[in-house]
Amino acid sequence: MFQYNKSSIDGVPYGKTHNFDMDKQINIPQNAEVAYLRTIISGWGHASPGTCAEWCIKTHNIYINNVATFQHKLEGLGCAQNPVNNQAPGNWSPDRAGWCPGMAVPVRFNNIQKSLFGSNFQFEYQFQDWTNTGNGEAYYAISTFVVLKSNEPINKATIIN
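Residues numbered from 1 in each chain as written. Predicted model: local features only at pLDDT ≥ 70, side-chain atom pairs only at ≥ 80, totals over all residues. Heavy atoms only, no water.

J.: I'd love a proper account of the overall build of the protein chain, names of residues and values included.
T.: Within the protein chain, the secondary structure is distributed over 0 helices and 11 strands. Going from the N terminus to the C terminus, the protein chain shows its helices and strands as β-β-β-β-β-β-β-β-β-β-β. Here the C-alpha coordinates of the protein chain stretch approximately 55 × 35 × 25 Å along the principal axes. When each of the 161 residues of the protein chain is scored for burial, the buried share is 40%. (Helix = DSSP H or I, 4+ residues; strand = E, 2+ residues; numbered from the N terminus. Buried < 20%, exposed > 50% of the residue type's maximum accessible area, 1.4 Å probe, protein only.)

Given below as structure tokens:
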């Protein structure tokens, strides 16, 4: 659906107005057996207040047909226990917003209800409200894909901007 994670600063600006398209219309083939959203997200940058998005614990919502359906909580993962700890002097040990240096960023899976298959539905990814007061920049490097599974041939999902 979207892939705004070419690099950390190519992500979606957080706390500022932007032109990144986080709303889509989706149609999943009726004969799909399983469909889910696959999202990878990490926060980058040091912006005030709270040095968001890299360091702030925030909850993001996925809305389906204007209803908050899934939540992604970006919180500490125990970076101090990170097996990749040779980043001296570095700052690898403090927890970040849902990721740790040297570790794989968690993949978030959200199953789409089968009742939505075969018709158009609205999708919107929404960051928790926060305003950048102008000290530094903050970004969310994010990708979200629709994954389909079936034991018979199916067409890919249709995504409309």
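What follows continues from the structure just given.
J.: Help me get a handle on the layout of surface pockets, residues and values and all.
T.: Of the voids in this model, the largest pocket is the one considered here, and its volume is about 210 Å³. Around the largest pocket, the lining is made up of 15 residues, and of these H18, Y125, Q126, F127 and D129 lie nearest the centre. Broken down by element, the residue count for the lining of the largest pocket peaks at 3 residues, all from strand 9 (residues 120-126). Of the residues assigned to the lining of the largest pocket, the class counts are 7 nonpolar, 4 polar and 4 charged. (1 Å grid on protein atoms, 1.4 Å probe; cavity = no way out; pocket = protein on both sides within 12 Å on 5 of 7 lines; lining within 4 Å. Points joined across faces, edges and corners; volume = space filled by probe spheres on them. Nonpolar A, V, L, I, M, F, W, Y, C, P; charged D, E, K, R; others polar.)

J.: So what's going on with the state of the cysteines? Which residues, and what values?
T.: Overall, the coordinates contain 2 disulfides when judged by the stated rule. Across a sulfur-sulfur distance of 2.0 Å, C52 and C56 are joined as a disulfide pair. Because the torsion about its S-S bond is -95°, the bridge between C52 and C56 counts as left-handed. Between the sulfur atoms of C79 and its disulfide mate C100 the distance is 2.1 Å. (Disulfide = S-S within 2.5 Å.)

J.: Mind laying out the packing of aromatic side chains, listing which residues take part and the relevant values?
T.: What the rule picks out here adds up to 10 aromatic pairs. On the basis of an interplanar angle of 5° and a centroid distance of 5.4 Å, the ring pair of F2 and Y4 is categorised as stacked. Each member of the pair, F2 together with Y4, is buried. An angle of 75° between the planes, with centres 5.9 Å apart, marks the rings of Y125 and F127 as edge-to-face. The pair formed by Y125 and F127 is uniform in burial state, with each residue classed as buried. Three or more aromatic residues joined by ring pairs form one cluster here, namely Y14, Y125, F127, W130 and Y140. Against the face of W99 rests R96, its NZ or CZ located 5.2 Å from the ring centre. (Phe/Tyr/Trp six-rings, centres within 6.5 Å; stacked < 30°, edge-to-face > 60°. Lys NZ or Arg CZ within 6 Å of the ring centre and 35° of its normal.)

J.: Go over the nonpolar core with me, naming the residues and quoting the values.
T.: Core analysis: the biggest nonpolar cluster contains 34 residues, and I28, F123 and Y125 have the highest contact counts within it. Breaking this core down by element, the ones donating at least two residues are strand 1 (2-4), strand 4 (34-47), strand 5 (52-53), strand 6 (58-64), strand 7 (67-74), strand 9 and strand 10 (138-149). Once residues within four sequence positions are removed from consideration, F123 is found in contact with M1, F2, M22, D23, K24, I26, L37, I62, Y63, I64 and T144. (Core = buried A, V, L, I, M, F, W, Y, C linked by side-chain atoms within 4.5 Å. Contact = heavy atoms within 4.5 Å.)

J.: Please provide a residue-by-residue account of unusual backbone geometry, values included.
T.: Note that the residue after S48, namely P49, is joined by a cis bond; omega there is 0°. Tracing the sequence through the fold places P49 in the loop between strand 4 and strand 5. At N65, a residue that is not glycine, the phi angle is positive and equals roughly 50°. Its location among the elements puts N65 in the loop between strand 6 and strand 7. The backbone phi angle of N66 is positive, close to 65°, even though this residue is not glycine. Along the polypeptide, N66 turns up in the loop between strand 6 and strand 7.

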